[in-house]
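Take a look at the letters that make up each chain.
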Amino acid sequence: MEYEVIIPAAGSGTRMGAGKNKLFIELNGRPIILHTLDVFAADRDCSKMIAVIQPKEEKIFKEMTAGREYEGKLEFVYGGAERQHSVYNGLTAVSGEIVLVHDGARPFIRRPVIRQLVREAARSGAAIAAVPVKDTIKKAVRQEVVETIDRSSLWQIQTPQAFRLSILQKAHEWAKAEDYLGTDEASLVEKMGDIPVKIIESDYDNMKITTPEDLYFARAVLEKRTHLNG
Ligand code: C5P
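An account of the accompanying structure is given in this report. Remember, it's a predicted structure, so these values are computed and weren't measured experimentally. (Residues numbered from 1 in each chain as written. Predicted model: local features only at pLDDT ≥ 70, side-chain atom pairs only at ≥ 80, totals over all residues. Heavy atoms only, no water.)

Along the protein, the regular secondary structure elements total seven helices and eleven strands. On C-alpha atoms alone, the protein measures out to a radius of gyration of 18 Å, which is about the 17 Å that the 2.2 N^0.38 rule sets for 230 residues. For the protein, the spread of C-alpha atoms along the principal axes amounts to about 55 × 40 × 35 Å. Sequence-distant contacts in the protein: of pairs separated by 6 or more residues, those separated by 24 or more amount to 74%. Surface summary for the protein: the accessible area is close to 12000 Å², and the carbon and sulfur share equals 48%. Charge separation in the protein, taken as the distance between the mean sites of 32 positive and 33 negative side-chain charges, equals 2 Å. (Helix = DSSP H or I, 4+ residues; strand = E, 2+ residues; numbered from the N terminus. Rg over C-alpha atoms; globule rule 2.2 N^0.38 Å. Contact = heavy atoms within 4.5 Å. Areas by Shrake-Rupley, 256 points an atom, 1.4 Å probe, with all protein chains shown as cover. Lys, Arg positive; Asp, Glu negative; His and termini not counted. Charge placed at Lys NZ, Arg CZ, Asp CG, Glu CD.)

Moving on to the site of the ligand. Around the ligand, 16 residues are found, and the nearest of them are Pro8, Ala10, Lys22, Ser86 and Lys208. Between the ligand and Ala9, the relevant distance is 3.3 Å, taken from an oxygen atom to a main-chain nitrogen or oxygen of the residue. One nitrogen or oxygen atom from the side chain of Lys208 is found 2.8 Å from an oxygen atom belonging to the ligand. Relative to its unbound accessible area of 460 Å², the ligand is 86% covered by the protein chains. Under a 2 Å grid-point criterion requiring more than half of the atoms, the pocket assigned to the ligand is the largest pocket. Of the residues contributing to the shell around the ligand, the split by class is six nonpolar, four polar and six charged. (Near = heavy atom within 4 Å. Polar contact = N/O pair within 3.5 Å; in protein donor to acceptor, adjacent residues only side chain to side chain. 1 Å grid on protein atoms, 1.4 Å probe; cavity = no way out; pocket = protein on both sides within 12 Å on 5 of 7 lines; lining within 4 Å. Sits in = over half its atoms within 2 Å of the grid points. Nonpolar A, V, L, I, M, F, W, Y, C, P; charged D, E, K, R; others polar.)

Turning to the nonpolar core, a few remarks are in order. By size, the foremost hydrophobic cluster in this structure holds 43 residues, and its most contacted members are Tyr3, Phe40 and Leu100. Those elements that place two or more of their residues in this core are strand E1 (3–8), helix H1 (32–41), strand E4 (46–53), helix H2 (58–65), strand E6 (98–101), helix H4 (111–124), strand E7 (126–132) and helix H7 (214–229). At six residues, the largest contribution of residues to this core is made by H1. Look past the residues within four positions of Tyr3 in its chain and what remains in contact with it is Phe40, Asp43, Asp45, Cys46, Ser47, Lys48, Ile98, Leu100, Ile114 and Val118. Within the second largest apolar cluster, 20 residues are counted, among which are Val87, Leu165, Leu188 and Met192. (Core = buried A, V, L, I, M, F, W, Y, C linked by side-chain atoms within 4.5 Å. Buried < 20%, exposed > 50% of the residue type's maximum accessible area, 1.4 Å probe, protein only.)

See below:
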């Protein structure tokens, strides 16, 4: 089933401390963002990739992606101050029935998870990738524990997050009107309250590269995959 994907890539990556957009950091000789784009480029069900970028980085992105076989289905849109604003801008370029939002900083997403997300979003409206929480999670106030949360009900949420376009548009318009800022798309849909958000179990490799130590894990994932494929 066909879908379009919005790829927010307009962050500044301050937590990485690389002095540049972290998506330009190379893994196996290629920028992180190209690893991410390649997954969707190779997926025939993906009809459009909308990369949301900062205007000042447009030239770099265009040079980086020029001549690649997916150029035809890649569009660029300018981002905003927060990730949510970037996704909102990306939505203006979407026209299909199903839309995915996937962080540029998650290069290890796999096609079977994408397929399940698309199917579930078409069926019920909203579906998100996640993995079970491994650690014990406690709630604390001023570094004093107030509660241990039952881990069996906790999920660590990733992207892609998949939606029927009309639902995500409505959620974003609602959030804009209410001045609500969420940390993911699903939280906007949850706030509206009328659409269930389904979880599709993903894998721990689908990490978001955020801080320098994440690069060690990312390189290990790539090495593992090279051995598996080679
Ligand atoms: O900072 P963080 O890693 O959580 O950002 C997740 C994704 O959202 C990254 O790929 C980043 O480039 C993107 N982003 C964006 N616009 C912003 C902030 C982040 O597109 N204003």
